[in-house]
Amino acid sequence: MEENNIKKEELEFVHDNDLLPVLEKLGLKDDFLSGKIRCAFCGEIITDENLHSFFEDNGVKVSCSKEDCIKEVEKKQ
Amino acid sequence: MEGVNTIIIAWGGLKVILPWSGWLLLLVLLIYLYKHPEEFDSWLTKIDRFLLKFWSGREKQFIQRDIRSRINLASKKINKEAEGLITKGVDIVWVNQENIESFLRKGKVIVRMQHYENHDKNIVNAATHYVTKGVLHTAKIYLSDEMQKALNLALTKKILCEEQDNGTSTDYFFANVLRPALNADAGLNKTYDVIEKMERKGLFTRILLREIRLMGKRLYPSAPTNREFQETKNFFNFLEPFASLESGDDIRDWEFVRDDIKMGILFVAQKGKLEHEGYAPYIKRITGKINRGAQNIYLFGRKPENVRAVKEIAKQLRAENPKIVDYRVEKYYSFLRSEKLPAICIVLKTDR
């Protein structure tokens, strides 16, 4: 029979309850609240409405929720 | 009097049996839950959803369990269609201020999960994230960008549609992800349309993704070249007419034998052919495919008589042809003009 030994995939999420403490830990909270953080791909200002994900790429980067930006961020892993 | 005695004896027996049957029932239930953790998760999700109305402190637990059970149930079904195609589901890890830096250092992408009011968006984000990360990760690099995008969309839709939640997350996906993506790109729209036809015919996971996965397994991590891009594109085009076929009464067979993908298809469907000529013409065709280099032969049949024939043809071939070293049987249901019919797909594998 065919192999079926692929392990479960771990997906990492941050919940909205932890969002501000996480931003604070990453040193991004003040910039986020004052609208100074931009999407690493399209340059759009990151807000509470469009924040999609965090990743590392020579420093912590943030992606917005545009479809093209989500596709780009998925390539980062 | 005799009747009363019988009842007393029966009651006496029941009193002895009942405690044992209670334990037995419990044991059966525990074995079922052990063997079907996805279904157990799904039940607990329903309880969590109910408790959430009174206690918002359970929100993270609900989101975690709901997303995990949806994806795990769907991946179980998909792996049934083509074993080993995707990971055995997911584990959800919550990241917070204590551990986010270590996850980022490991190169992880941390996706935001919003409050329960945006749960459809959460589910779609999680399914998209999972499909991109956990499905065909060694094979996708040999596909064109357009085909990768179309496969990701089709798989995300498949995962969302497997779960019955009144379709709210599926509606969200259609309105906010799928339609905008297809409307913006005519090429993507066309490729996605063909994949949809393949899915309806049962070819998407059973043949397309399975063969692409096997190709990736052989080639990964060598860098993709134009040759591989061309081969996967040709393979996709080769499957298209089969996906577009209306119900036919002929023997339908094809083969695609190139550098990395070597396979054949045979569809047992011709009315009267089996009665008059038996299995010999089918066996001859399959043997021909194997001799020409096909390494996986997919035998399809629907309706009881054709399902029986497919099983018998596969059995005879396995007994007579030493090149066949393994096989896989999948029974499923197929629709023909709204009629639900039993169907079968047997994959015969030859020594490579």
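Residues numbered from 1 in each chain as written. Chains lettered and ligands numbered in written order. Predicted model: local features only at pLDDT ≥ 70, side-chain atom pairs only at ≥ 80, totals over all residues.

**Some words on the sheet that holds strand 1 (residues 9–15) of chain A**
Pairing in this open sheet of five strands is mixed, and the strands run 3(A)-2(A)-2(B)-1(A)-1(B) from one edge to the other. Where the open sheet ends on each side, the last strands, each with one partner, are strand 3 (60–64) of chain A together with strand 1 (90–94) of chain B. Across the sheet, the mean angle from the axis of one strand to that of its neighbour is 35°, orientation sign disregarded. Bridge analysis of strand 2 (residues 51–56) of chain A against strand 3 of chain A gives five bridges, and the strand direction is antiparallel. Its bridge partner being in strand 3 of chain A, A:Ser53 is matched across the sheet by A:Ser63. (Pairing = 2+ DSSP bridges. Helix = DSSP H or I, 4+ residues; strand = E, 2+ residues; numbered from the N terminus. Axes fitted to C-alpha atoms, helices over the stretch in contact; angles between N-to-C directions.)

**Quick word on the environment of B:Phe173**
Residue and element names in this part refer to chain B. Relative to the assigned elements, Phe173 resides in helix 7 (residues 168–184). On the basis of neighbour counts, which here come to 24 C-beta atoms within 10 Å, the residue Phe173 falls in the buried class. Distance from Phe173 to Tyr32, taken between C-alpha atoms, is 33 Å for residues 141 residues apart in sequence. Apart from residues lying up to four places away in sequence, Phe173 is in contact with Val124, Thr156, Lys157, Leu160 and Leu178. (Buried ≥ 20, exposed ≤ 12 C-beta atoms within 10 Å, placed from the backbone. Contact = placed C-beta atoms within 7 Å.)

**Here we look at the nonpolar core**
Generally speaking, soluble globular proteins have nonpolar side chains that are buried together. Residue and element names in this part refer to chain B. With 97 residues, the main nonpolar core has Ile110, Ala127, Val268, Tyr298 and Leu299 as its most contacted residues. It is helix 6 (residues 145–162) that provides the largest number of residues to this core, a total of eight residues. Shared between two domains, this core takes at least three residues from each, and those domains are domain 2 (36–244) and domain 3 (247–352). (Core = buried A, V, L, I, M, F, W, Y, C linked by C-beta atoms within 7 Å. Domains from an automatic or database assignment.)

This is a description of form; function is not addressed.
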